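Topology and contacts: notes
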Amino acid sequence: MSILFVGGGNMAAALIGGLVSHGQALSDIAVVEVNEVTAAQLGARWGIRVYSTVPADLGGASTVVLAIKPQQMTELLGHFPTLPGATLLVSIVAGWTTSRLCAGLKGHLNLVRAMPNTPALIQAGVTGLFALPEVSEEDRARVQAMMHAVGSVHWLTKESQMDAVTALSGSGPAYVFYLMETLQQAALDLELPAEMGHALVLEMVRGAALLACSEKDAPARLRQRVTSPGGTTAAALRVLEEGAWAQVLKQAVQAAAQRSRELEDVV
Ligand SMILES: NC(=O)c1ccc[n+]([C@@H]2O[C@H](COP(=O)([O-])OP(=O)(O)OC[C@H]3O[C@@H](n4cnc5c(N)ncnc54)[C@H](OP(=O)(O)O)[C@@H]3O)[C@@H](O)[C@H]2O)c1
C-alpha cells in the first residue's frame with residue numbers, strides 16, 4: 001500500500017512512525033507538508049519523499065491521508081486534484097463529515113474517517129473509524145491495518161458517533177495530562193521535591209491505567225478498593241464531589257463534542 005499524507009504534523013508523524021515499525025517500506029510513504037521546518041524534519045528523520053504541494057498524480061499513492069487542521073481544509077480542497085475512484089481517502093480531520101469531504105472532493109465516495117489520538121506516537125493509541133458504504137472490504141481492511149499499527153481500532157456504526165469519539169479518546173489524553181499537571185502542582189504545595197512529585201504522579205497514573213486494563217472490575221469498583229471508610233481517599237473524594245468534579249468533566253466532554261460538530265463549518 002503506497003500512502004500520501006497531506007499534512008506532516010503531530011498525528012501524521014505518529015502514524016508514519018507506527019507504519020514504519022510495522023514494516024511499511026519507506027519508499028511507499030510520501031508527505032505533502034507546507035511548513036518548511038516540519039518538511040525538513042520529516043525528510044531528515046525517515047528519508048521519505050516530501051512535497052510542498054499535492055502532486056497531480058498523488059505521487060503514485062493508492063491511499064491519501066488528510067492530516068491538516070480543520071481550518072486549513074477549505075483552502076486545500078479548493079485546488080485538490082480529482083481523485084481516481086479507486087483511491088482510498090482517509091481523513092483524520094476533526095469535525096469534517098464525509099458529506100462535506102465528498103462535496104469538497106468532487107463527489108469522491110471512497111472515504112473513511114479516522115479519529116486517532118497522540119499515544120499513537122508510542123503505538124498505544126486508540127482510533128475510531130467510520131467508512132462510507134461505498135468503501136470495499138479490502139479498503140476497510142487496509143485502513144484498519146494502518147491504524148492498528150499505532151494502537152487499537154474501533155469501527156463506528158454511525159458517523160454521528162465520531163463527535164463523541166473525538167471528545168473522548170481524541171481529546172482525552174489532554175484531560176489526563178491536565179490531571180497530571182494539577183497533581184504535580186499539588187505535590188509541590190505539599191512540599192515534595194519537584195522531581196519526586198513528577199515521578200510519583202507518572203508512576204501512579206501508569207499503574208492505575210494498567211490495573212484498570214488488567215482487571216475485569218469496573219473503575220467504580222477499583223475506586224472503592226482504594227477508599228477506606230473514614231480514610232484519606234474518602235476525604236479527597238468528598239472535596240471532588242463538593243466541587244461537582246464529575247459534572248464539570250462531563251460538561252467538558254460535551255463541549256468537545258459540540259466543538260467537533262461545529263468544526264465542519266469552519267472555513
Ligand atoms: N493532535 C491530535 O491529538 C489529533 C488527534 C486526532 C485527530 N487530529 C486531527 O489531525 C489533524 C492534524 O492534527 P495535528 O495535531 O497533526 O496538526 P499539526 O501538527 O498542525 O499538523 C498539520 C501540518 O500540516 C501542515 N499544513 C497546513 N496546510 C497544509 C497544506 N495545505 N498541505 C500540506 N500541509 C499543510 C501544517 O503546517 P503549519 O503548521 O505551517 O500550518 C502542519 O505542519 C487535525 O485535523 C486534527 O483535528 C489531531
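Quick notes on the rules
Residues numbered from 1 in each chain as written. Predicted model: local features only at pLDDT ≥ 70, side-chain atom pairs only at ≥ 80, totals over all residues. Heavy atoms only, no water. UniProt positions renumbered as here; feature names shortened; annotations may be inferred. Helix = DSSP H or I, 4+ residues; strand = E, 2+ residues; numbered from the N terminus. Phe/Tyr/Trp six-rings, centres within 6.5 Å; stacked < 30°, edge-to-face > 60°. Lys NZ or Arg CZ within 6 Å of the ring centre and 35° of its normal. Pairing = 2+ DSSP bridges. Axes fitted to C-alpha atoms, helices over the stretch in contact; angles between N-to-C directions. Contact = heavy atoms within 4.5 Å. Salt bridge = Lys/Arg side-chain N within 4 Å of Asp/Glu carboxyl O. Buried < 20%, exposed > 50% of the residue type's maximum accessible area, 1.4 Å probe, protein only. Near = heavy atom within 4 Å. Polar contact = N/O pair within 3.5 Å; in protein donor to acceptor, adjacent residues only side chain to side chain. pLDDT = per-residue confidence, 0-100. Core = buried A, V, L, I, M, F, W, Y, C linked by side-chain atoms within 4.5 Å. Patch = residues over 30% accessible without salt bridge, like charges linked within 9 Å, V, L, I, M, F, W, Y side chains within 5 Å. Areas by Shrake-Rupley, 256 points an atom, 1.4 Å probe, with all protein chains shown as cover.

**Digging into the UniProt feature "domain: Pyrroline-5-carboxylate reductase catalytic N-terminal" (unreviewed entry) in the protein chain**
In this numbering, the UniProt entry assigns the feature "domain: Pyrroline-5-carboxylate reductase catalytic N-terminal" (unreviewed entry) to residues 3–95. Taken end to end, residues 3–95 has its terminal C-alpha atoms 22 Å apart, with 31% of it in helix and 20% in strand.

**Observations concerning the UniProt feature "domain: Pyrroline-5-carboxylate reductase dimerisation" (unreviewed entry) in the protein chain**
Here, the residues flagged by UniProt with the feature "domain: Pyrroline-5-carboxylate reductase dimerisation" (unreviewed entry) are residues 159–263. Split by type, residues 159–263 is 83% helix and 0% strand. Its first and last C-alpha atoms lie 15 Å apart.

**As for the packing of aromatic side chains**
A full pass over the atoms with the stated rule returns zero aromatic pairs. Above the plane of the ring of Trp96 lies Arg100, whose end atom (NZ or CZ) is 3.9 Å from the centre.

**A look at the sheet that holds strand S1 (residues 3–6)**
The strand order S3-S2-S1-S4-S5-S6-S7-S8 describes an open sheet built from eight strands, whose pairing is mixed. The open sheet has two edge strands, strand S3 (49–51) and strand S8 (151–155), and neither has a second partner. Mean inter-strand twist for the sheet, computed between neighbouring axes without regard to direction, equals 25°. Bridge count for strand S6 (residues 111–115) against strand S7 (residues 125–131) is four bridges, and the pairing is antiparallel. By the bridge assignment for S7, Met115 is matched with Gly128. Relative to the sheet, helix H5 (residues 137–148) contacts S1, strand S4 (63–66), strand S5 (88–91), S6, S7 and S8, its axis offset from that of S8 by approximately 145°.

**Considering the pattern of salt bridges**
Counted by the stated rule, this structure contains five salt bridges. Here Asp217 and Arg225 are joined by a salt bridge, their closest N and O atoms 2.1 Å apart. Accessibility expressed as a relative area gives 28% for Asp217, which makes it partly exposed. The exposure class of Arg225 is partly exposed, given its relative accessible area of 44%. The structure contains a network of salt bridges with shared partners spanning Glu215, Asp217 and Arg225.

**Description of the site of the ligand**
The immediate surroundings of the ligand are formed by 21 residues, with Met11, Glu33, Ile68, Lys69 and Gln72 found nearest. Between the ligand and Val34 there is a distance of 3.5 Å, counted from a nitrogen atom to a backbone nitrogen or oxygen.

**Overview of the confidence of the model for the protein chain**
Of all residues in the protein chain, 100% have pLDDT values of 70 or greater, and the mean over the chain is 96. Reported confidence for the predicted complex is 0.98 by ipTM and 0.95 by pTM.

**Focus on the nonpolar core**
Among the nonpolar cores identified, the biggest contains 62 residues, and Phe5, Val6, Leu66 and Phe80 are the most heavily contacted of them. No other element matches the seven residues that helix H1 (residues 10–21) contributes to this core. With residues up to four places along the chain from it excluded, the contact list for Phe5 reads Ala12, Leu15, Ile16, Leu19, Ile29, Ala30, Val31, Val32 and Val65.

**Points about a nonpolar patch on the surface**
Judged by side-chain polarity, Leu179, Leu183, Met204, Leu240, Trp245 and Leu249 come together as a nonpolar surface patch covering roughly 500 Å² of accessible area. Breaking the nonpolar patch down by element, the ones donating at least two residues are helix H7 (172–189) and helix H11 (245–263). Following the sequence through the fold, Leu249 ends up in helix H11.

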